[in-house]
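Reading the structure
Below are the chains, spelled out letter by letter.
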Amino acid sequence: MTRLWHAAISLVAAVALVTQLVLVIDKDASVTNFFSYFTIQSNILVMIAAALIAVRPDRGGTAFRILRMAGLVGITITGIIFSTVLAGTVEFEGIAWWTDKAFHYLVPAMAVTGFIFMKPRTRLDRSSVWFLAWALAWLAYTLIRAEVSEPRFAVTNDRFATVPYDFLDSDQHGTTAVAVACAGVLVLALAISAFYIWLSQRDAETATV
């Protein structure tokens with residue numbers, strides 16, 4: 001069941017990613033912008049980790065644990081923030097509506113469900129928190145690129161910004177508000193990672209009882 005579930009996660013993410021990329025290219029939109037979304041990168045990480053688990057469910061190693069944690073925390077944050085803050089800010093139609101739901105609802109739900117309920121569960125530890133290097137690098141890249149190349153992202157149905165998400169738009173909300181939002185997401189990421197570490201290590205504790 002674990003192999004099939006994670007194969008399904010990888011397949012859903014891959015189909016959504018390829019489909020959306022085709023739409024981006026067909027509309028002559030920015031491919032760089034497409035890959036600059038935290039949502040897209042999180043889905044890619046989940047897709048890769050899920051594919052590796054489908055091949056070998058008991059896969060371990062520090063590098064894989066970091067990859068697994070990055071995908072899990074990234075996709076969990078994607079689901080939480082989109083459903084509570086970003087949902088409805090930009091409306092989609094047709095195929096884009098379906099890929100949007102896959103990125104923000106289906107893949108997050110499948111990934112989190114798979115980790116919580118499917119075994120063997122990847123053993124995570126404190127070294128897995130190195131996933132933050134990717135998250136912080138993404139944030140630095142996003143903010144620097146906004147200043148240097150001034151990309152154009154649709155953050156609402158009627159407004160564009162140089163950042164992919166409205167809560168990162170310092171021109172609209174101010175630097176302090178953006179800093180507070182980033183700090184809040186960081187705290188959320190640490191809390192989520194602590195939960196996943198606790199859950200994975202509980203298996204080992206149970207096995208020794």
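Just above sits the structure.
Residues numbered from 1 in each chain as written. Predicted model: local features only at pLDDT ≥ 70, side-chain atom pairs only at ≥ 80, totals over all residues. Heavy atoms only, no water.

Side note on the packing of helix α1 (residues 2-26) against helix α3 (residues 38-55)
α3 packs onto α1 with a crossing angle of 145° between their chain directions and a minimal axis gap of 8 Å. For the pair α1 and α3, the crossing hand works out as left-handed. Seen from α1, the contacting residues are T2, R3, H6, A7, I9, S10, A13, A14 and L17; seen from α3, they are I40, N43, I44, V46, M47, A50, A51, I53, A54 and V55. Class assignment of the residues belonging to the contact of α1 with α3 gives a composition of 14 nonpolar, four polar and one charged. (Axes fitted to C-alpha atoms, helices over the stretch in contact; angles between N-to-C directions. Helix = DSSP H or I, 4+ residues; strand = E, 2+ residues; numbered from the N terminus. Left-handed = near helix turned anticlockwise from the far one by under 90°. Contact = heavy atoms within 4.5 Å. Nonpolar A, V, L, I, M, F, W, Y, C, P; charged D, E, K, R; others polar.)

Focus: the environment of R145
Relative to the elements of secondary structure, R145 occurs in helix α6 (residues 132-148). Considered as a pair, R145 and S36 are 109 residues apart in the sequence and their alpha carbons are 9.9 Å apart. The contacts of R145, once residues within four sequence positions are left out, are S30, T32, N33, S36, E150, P151 and F153.

So, the pairing of strand β1 (residues 153-156)
For a regular strand, side-chain orientation follows a simple rule: the groups alternate between the two sheet faces. Across three bridges, the pairing between β1 and strand β2 (residues 159-161) is antiparallel. Counterpart to T156 in the pairing with β2 is R159. Joining the antiparallel neighbours β1 and β2 is a turn of two residues. (Pairing = 2+ DSSP bridges.)

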